[in-house]
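Understanding the architecture of this molecule
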Amino acid sequence: MSEFLAGFQDTMAYVVTLMPSLMAGAWVTAKLFVWTLVLSLPLGLPFALGSNSKFWPIKAICQIYVFIFRGTPLILQLYFFYFFLPIAYGIRLDPFVTSVITFVLNYAAYFAEIYRGGINGIDRGQYEAAHALGLSKSQTMFGIVFPQTMRVILPPVSNEAIVLIKDTALASIITVGELMKASRGAVNRDVDTTAYIIAAIIYLGFTFVMTLLSNHLERKYSRYDSREVD
Amino acid sequence: MTKVKSNGIVKIILKKDLKAGDIILEMKGIYKQFPNCLAVENVDFSMHKGEIVAIIGPSGSGKSTLLRGINGLEKITEGELDLYGTTGMVFQHFNLFPHMTCLKNITYAPMKVKSVNKKSAEDKAMSLLELVGLKDKADVFPGQISGGQKQRIAIARALAMEPDLMLFDEPTSALDPEITGEVLGVMRKLAEGHSSMIIVTHEMNFAKEVADRVVFMDGGKIIEEGTPKQIFEDPKSDRLKEFLKTVY
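Every chain is numbered on its own, with residues counted from 1 as its sequence reads. Chain A is the first chain written and ligand 1 is the first ligand written, with later ones labelled in order. Selection of residues for local features in this predicted model requires a pLDDT of at least 70, selection of side-chain atom pairs for listing and counting requires 80 or more, and totals for whole chains, interfaces and linings are taken over all residues. Values reported for side chains reflect all heavy atoms of the structure, with hydrogen atoms and water molecules removed beforehand.

Let us look at the overall build of chain B. Segments assigned H or I by DSSP are reported as helices when at least four residues long, segments assigned E as strands when at least two residues long, and all are numbered from the N terminus. Helices and strands together make up the secondary structure of chain B, namely 8 helices and 10 strands. Radius of gyration here uses only the C-alpha atoms, and the compact-globule reference equals 2.2 Å multiplied by the residue count raised to the power 0.38. For chain B, whose C-alpha radius of gyration is 18 Å, the value lies close to the compact-globule estimate of 18 Å for 248 residues. Seen through its principal axes, chain B has C-alpha atoms that stretch 50 × 40 × 35 Å. The 248 residues of chain B split such that 55% are buried. Note on contacts: a residue pair qualifies if any of its non-hydrogen atoms lie within 4.5 Å across the two residues. The contacts in chain B between residues at least 6 apart in sequence include a share of 70% that link residues at least 24 apart. Asp and Glu count as negative and Lys and Arg as positive, but His and the ends of the chain are not part of the count. Charged side chains are reduced to one point each, which is NZ for Lys, CZ for Arg, CG for Asp and CD for Glu. Side-chain charges in chain B split into 33 positive and 33 negative, and the spacing between the mean points of these groups amounts to 5 Å. The classification of residues rests on relative accessible area computed with a 1.4 Å probe and restricted to protein chains. Under 20% of the type maximum is buried, over 50% is exposed, and intermediate values are partly exposed.

Dropping the structure here:
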């Protein structure tokens with residue numbers, strides 16, 4: 001029994017020594033996550049509207065953009081941007097900035113498709129009623145259409161956000177010192193997998209917070225019952 | 001069937017203080033061409049302020065298309081349409097905004113389009129809710145009320161913009177027969193208040209009772225028009241006679 005206790009104490013002491021570097025990594029992960037979401041959520045909207053555009057060049061650009069960023073591996077995109085700018089233009093961006101740019105472009109493509117589905121699901125009658133009342137196009141979109149899509153797009157958007165928490169780990173391959181890189185460093189150094197377990201717990205913590213947040217938002221936007229009775 | 005190409009001219013002339021008896025709407029040689037059919041063919045029609053016109057006719061006769069041409073929901077293909085004022089519309093499927101309470105459905109457009117302040121928009125909305133008999137539904141979402149109540153809210157919403165001409169596109173067609181009465185009752189009240197109204201409807205009794213003039217359309221054309229008495233009791237054309245036989 002005392003042997004077990006001593007072992008446990010040793011483990012805890014080891015964990016305590018790991019914490020500073022893992023927490024620093026977790027902080028970078030959190031920043032990467034927040035920056036990506038804050039920038040990609042709005043960026044998806046113009047691409048969603050563009051894909052619905054009647055003006056074909058805009059439609060084509062938006063569709064090609066979505067096709068490329070959804071159709072290639074995120075890890076390839078990370079490598080591409082990490083090496084493309086220095087090789088082609090001699091610009092050396094910070095790896096963190098490079099990964100934010102890559103994640104934003106990638107996730108905006110997914111969000112664009114989610115938004116597009118939500119917008120296309122709005123009944124034509126809503127546009128007609130808005131027109132008949134004299135509302136402008138932007139008043140119709142921002143006041144009538146987008147608020148109604150919220151309810152529909154929230155579940156897939158929060159699902160993507162949870163996927164993003166885990167995708168941030170990919171940034172480690174271009175030397176961003178986030179949680180994955182920090183834990184791998186500790187494991188390689190100490191030949192002890194405890195750091196991975198702690199990293200897993202931290203990732204789960206992030207996911208848990210995100211789940212709570214999305215549940216809260218889903219409740220908020222489902223206040224009204226939108227079943228249309230004909 | 002002749003294919004029509006050129007562009008329709010729609011003039012909206014905002015005229016203040018239109019008096020009863022002044023022309024509020026004038027249509028000359030209106031055509032509406034859809035990709036596969038000519039929905040409206042050479043329609044001439046005009047009406048006065050305060051007049052109540054019912055448009056009847058079989059399904060696919062172009063009556064809804066003509067009505068939707070008046071407020072631009074359908075772009076007319078050819079012809080001239082002069083509108084002396086603003087329109088409001090009531091739809092077959094209500095088209096209320098499901099994410100807004102009934103009150104907000106009514107106040108939203110006046111606040112956004114006319115920049116009416118919240119207080120006076122809400123006061124106005126409450127008096128309209130009283131008119132349609134739904135004062136207690138102000139804070140309820142449209143998903144929680146019946147079809148007849150929805151349509152009455154939709155009428156209040158259209159009235160909030162104080163339109164010069166109200167367009168009703170089969171306002172009771174989506175309702176169960178036993179609740180059409182509550183909607184028709186509200187429309188009757190409007191009629192008594194001398195609103196200008198065009199009503200596309202299948203409710204022959206209502207048309208007979210409320211309309212000053214009844215227009216019968218078939219195949220995209222106006223076949224016959226006249227007072228309810230002339231149309232229902234003394235139809236001239238064979239097509240109208242045939243139609244009246246099928247609806248009674």
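Residue and element names in this part refer to chain B. Strand pairing is assigned whenever DSSP identifies at least 2 bridges connecting the two strands. Ordered by their spatial adjacency, 4 strands build an open sheet running β1-β5-β2-β3, and the pairing between neighbours is mixed. The open sheet has two free edges, formed respectively by β1 (9-12) and β3 (38-48), since each of these has just one partner strand. This sheet shows a mean twist of 10 degrees between the axes of neighbouring strands, independent of strand direction. Each of β2 (23-33), β3 and β5 (78-83) touches helix α1 (residues 63-70); the most contacted strand, β2, lies at about 120 degrees to it. Fitted lines through C-alpha atoms give the axes, limited to the stretch in contact for helices. The angle between two N-to-C directions lies from 0 to 180 degrees.

This part is about the packing of aromatic side chains. Residues and elements named next belong to chain A. Here is the rule: rings of Phe, Tyr and Trp (six-membered ring for Trp) pair when centre to centre is within 6.5 Å. Planes less than 30 degrees apart are stacked, more than 60 are edge-to-face, and the remainder are tilted. Following the criterion strictly, the structure yields 12 aromatic pairs over all chains and no others. Geometrically, the ring pair formed by Phe80 and Phe81 is edge-to-face, given 5.5 Å between the ring centres and 85 degrees between the ring planes. For the ring pair Phe84 and Tyr89, a centre distance of 5.9 Å and an interplane angle of 85 degrees mean the geometry is edge-to-face. Overall, Phe84 belongs to the partly exposed group, its relative accessible area being 31%.

Residue and element names in this part refer to chain A. In these notes, a set of buried Ala, Val, Leu, Ile, Met, Phe, Trp, Tyr and Cys residues joined through side-chain atoms within 4.5 Å is what counts as a nonpolar core. Within the largest apolar cluster, 50 residues are counted, with the highest numbers of intra-cluster contacts made by Leu18, Leu22, Phe33, Tyr65, Phe103, Phe111 and Leu179. Broken down by secondary-structure element, the contributors of at least two residues to this core are α1 (2-51), α2 (56-71), α3 (74-89), α4 (95-120), α6 (137-167), α7 (179-190) and α8 (194-221). Once residues lying within four places of it in the same chain are set aside, the contact partners of Phe103 are Leu32, Thr36, Leu74, Leu78, Leu164, Asp167, Thr168 and Ala171.

Taken together, the contact pairs 23 residues of chain A with 26 residues of chain B. Buried area is understood as the total, over both parts, of accessible area removed when two parts are fitted together, assessed with a 1.4 Å probe. Of the roughly 2200 Å² buried at the junction of chain A and chain B (both faces included), carbon and sulfur atoms supply 61%. Here, a salt bridge means any side-chain nitrogen of Lys or Arg that lies within 4 Å of a carboxyl oxygen of Asp or Glu. Counting the contacts that link chain A with chain B gives 1 salt bridge. Note that Arg68 of chain B and Glu128 of chain A form a salt bridge whose closest N and O atoms lie 2.7 Å from each other. The definition of a polar contact used here is a pair of N or O atoms within 3.5 Å, where within protein one atom must be able to donate a hydrogen and the other to accept one, and adjacent residues in sequence count solely through side-chain atom pairs. For the pair chain A and chain B, the interface holds 7 residue pairs in polar contact (both at pLDDT 80 or more). Elements with a minimum of two residues in the side of chain A that touches chain B: α5 (124-132) and α6 of chain A. In terms of residue count, the dominant contributor to the side of chain A that touches chain B is α5 of chain A (8 residues). The classification used treats Ala, Val, Leu, Ile, Met, Phe, Trp, Tyr, Cys and Pro as nonpolar, Asp, Glu, Lys and Arg as charged, and all other residues, Gly among them, as polar. Taken together, the residues that form the side of chain A that touches chain B break down as 9 nonpolar, 8 polar and 6 charged.

Quick look at the layout of surface pockets now. Here the largest pocket defines a volume of roughly 730 Å³. Lining the largest pocket are 18 residues, with Lys54, Tyr127, Lys137, Thr140 and Met141 of chain A sitting closest to its centre. Put simply, the parts of the chain that give the lining of the largest pocket at least two residues each are α4, α5 and α6 of chain A. The leading source of residues in the lining of the largest pocket is α5 of chain A, at 4 residues. Of the residues assigned to the lining of the largest pocket, the class counts are 7 nonpolar, 8 polar and 3 charged. Only protein atoms enter the 1 Å grid, on which a cavity is a set of points fitting a 1.4 Å probe that cannot get out and a pocket is an open set with protein on both sides within 12 Å along at least 5 of 7 lines, lining residues being those with an atom within 4 Å of a point. Grid points are joined across faces, edges and corners, and a volume is the space filled by probe spheres set on the points. Quantified by volume, the second largest pocket comes out at close to 510 Å³. Lining the second largest pocket we find 30 residues, and of these His131, Ala132 and Gly134 of chain A together with Asn71 and Thr87 of chain B sit closest to its centre. Mapped onto the lining of the second largest pocket, the elements with two or more residues apiece are α5 of chain A together with β1, α1, β6 (87-90) and α4 (147-159) of chain B.

Let us look at the sheet that holds strand β9 (residues 213-218) of chain B. Paired through their backbone hydrogen bonds, the strands of a sheet run either parallel or antiparallel. All names here are of chain B. The strand order across the open sheet built from 6 strands is β6-β7-β8-β4-β9-β10, with neighbouring strands paired in mixed fashion. Of all strands in the sheet, those with a lone pairing partner are β6 and β10 (221-226), marking the two edges. Neighbour to neighbour, the strand axes of the sheet diverge by 20 degrees on average, direction disregarded. In the packing of α4 onto the sheet, the strands contacted are β6 and β7 (165-169), and the crossing angle to β6 comes to about 170 degrees.

Let us look at the side chain of Ser61 of chain B. Residues and elements named next belong to chain B. Within the element layout of this structure, Ser61 appears in the loop between β4 (52-56) and α1. Using a relative accessible area of 0% as the deciding quantity, one classes Ser61 as buried. Engagement of the side chain of Ser61 in a polar contact is seen with the backbone oxygen of Pro58, the distance being 2.7 Å. Apart from the residues within four sequence positions on either side, Ser61 is in contact with Ala39, Met217, Asp218, Gly219, Gly220 and Lys221.

Keep in mind these numbers describe shape, not what the thing actually does.
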